[in-house]
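Chain by chain, the residues run as shown.
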Amino acid sequence: MSVIVVGVDGGGSKTRVVVADEHGKALGTVEGPASAVRPGAVDLSADVIAACVRDALAHAGMEHVAPKVLYAGVAGVGREPEREALWQALVAREVAEDVAVHPDAMIALDDAFGEGPGVLLIAGTGSVAFGRGPDGAFGRCGGWGPVLGDEGSGAWIGRRALNIATASTDGREPETALTDALLTAIEADDPAALVPWAAHATPAQLATLAPVVFRVAATGDLRANTLLSLAVEELVLHVRTLARRLFVDERAAIPVALAGGLLGRGAPLRKRVDHRLKAAVPGAQLRVEDVDAARGAVRGALRLLGVELA
């Protein structure tokens, strides 16, 4: 029986699990609900990951095979207490013989640059940038969560769009097509309905409003475009900060990769970020290939077994 490993990319909107052999070949892949760790909800994240692993093993026809290693990159485990709690919860669920848990950005960084230098910007439901300098030093910028940070992310854009809609309703801001578009999105016809909806909205639900902003911006709406420009500035600032910290000078040659639902190839925000990076971080060398965080997790799992993929 060949050795089986599992790579997990647990985000704020979805969870992606890949079952692979000892050569890194994917045998089964599934997507499931969000598994980002929220305060006091580690067990919920562990349950989602465990269920996705079972489904991926079934998809690979290996329901009764115990993976050698499960390597999970999960949003919300940037601090040691959350990381340890999720590790213990996954071990208790016997998802694999060995379990490793890291922040989700680390597995994406691994896929983008291997063990080489570079800066990775991730923007989906949340946002964060990770980097590794030429001397091997690690750096992180952002990723402070939906209450304190995640600037430029889908949830951040959604929340700011709601702010604009309410201000416009008051007359504190000019009229904008965002207001009606947001009301349509939440299936309401009165701006007052935005209050209870926002009060109970999760970060993932707020992020569903980002595509609404993109659509309205495409019609030429000034306020929607201003919001997206601000989001781009916030995201690019993450890269510039790490460029200066890890590479000393933002004009130095700096490999940069973009990942996450807002920055994949063809995503509306990617072109704007790419254009702004050229001016703000002149040394940025943008990677064209897609970053696959789950593939990075598989790479990490195999590394634990002493296997280094090219």
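Anything mentioned here points back to the structure above.
Residues numbered from 1 in each chain as written. Predicted model: local features only at pLDDT ≥ 70, side-chain atom pairs only at ≥ 80, totals over all residues. Heavy atoms only, no water.

K.L.:
What should I look at first to understand the layout of surface pockets in this one?
P.N.:
If you roll a probe as big as a water molecule over the atoms, it shows you where there is empty space left. A volume near 190 Å³ is recorded for the second largest pocket. Around the second largest pocket sit 14 residues that line it, and Val53, Arg54, Arg93, Glu94 and Val95 are the ones nearest its centre. (1 Å grid on protein atoms, 1.4 Å probe; cavity = no way out; pocket = protein on both sides within 12 Å on 5 of 7 lines; lining within 4 Å. Points joined across faces, edges and corners; volume = space filled by probe spheres on them.)

K.L.:
I'm lost on the environment of Ala185 in this one. Help?
P.N.:
Assignment of secondary structure puts Ala185 in helix α6 (residues 178-185). In sequence terms Ala185 and Val212 are 27 residues apart; their C-alpha atoms lie 7.5 Å from each other. Those residues in contact with Ala185 that sit more than four places away from it in its chain are Leu209 and Val212. (Helix = DSSP H or I, 4+ residues; strand = E, 2+ residues; numbered from the N terminus. Contact = heavy atoms within 4.5 Å.)

K.L.:
Looking at this structure, I do not really get helix α1 (residues 42-59). What am I missing?
P.N.:
In a regular helix each residue adds 1.5 Å, so 18 residues correspond to 26 Å; α1 covers 26 Å between its end C-alpha atoms and thus fits that length. Here α1 has its buried residues at Val42, Ser45, Ala46, Val48, Ile49, Ala50, Cys52, Val53, Ala56 and Leu57. In the core, the buried residues of α1 are packed alongside β1 (4-10), β2 (15-21), β3 (26-32), β4 (69-74) and α2 (80-92). Just beyond α1, the residue with positive phi is Gly61, at close to 70 degrees. (Expected span 1.5 Å × (residues − 1). Buried < 20%, exposed > 50% of the residue type's maximum accessible area, 1.4 Å probe, protein only.)

K.L.:
Which parts of the structure should I look at to understand unusual backbone geometry?
P.N.:
Excluding glycine, residues mostly have negative phi values, and the peptide bonds linking residues are mostly trans. The phi angle at Asp150 is positive, at roughly 60 degrees, despite the residue not being glycine. Here Asp150 falls in the buried class, since its relative accessible area comes to 10%.

K.L.:
Sorry if this is basic, but what is going on with the sheet that holds β4 here?
P.N.:
Strands belonging to one sheet form pairs held by backbone hydrogen bonds; the direction of such a pair is parallel or antiparallel. Here we have five strands laid out as an open sheet, ordered β3-β2-β1-β4-β5, and mixed in their pairing. Each end of this open sheet is capped by a strand with a single partner; those strands are β3 and β5 (98-103). In this sheet, neighbouring strand axes are inclined to one another by 15 degrees on average, regardless of whether the strands run parallel or antiparallel. With six bridges joining them, β1 and β4 adopt parallel strand pairing. (Pairing = 2+ DSSP bridges. Axes fitted to C-alpha atoms, helices over the stretch in contact; angles between N-to-C directions.)

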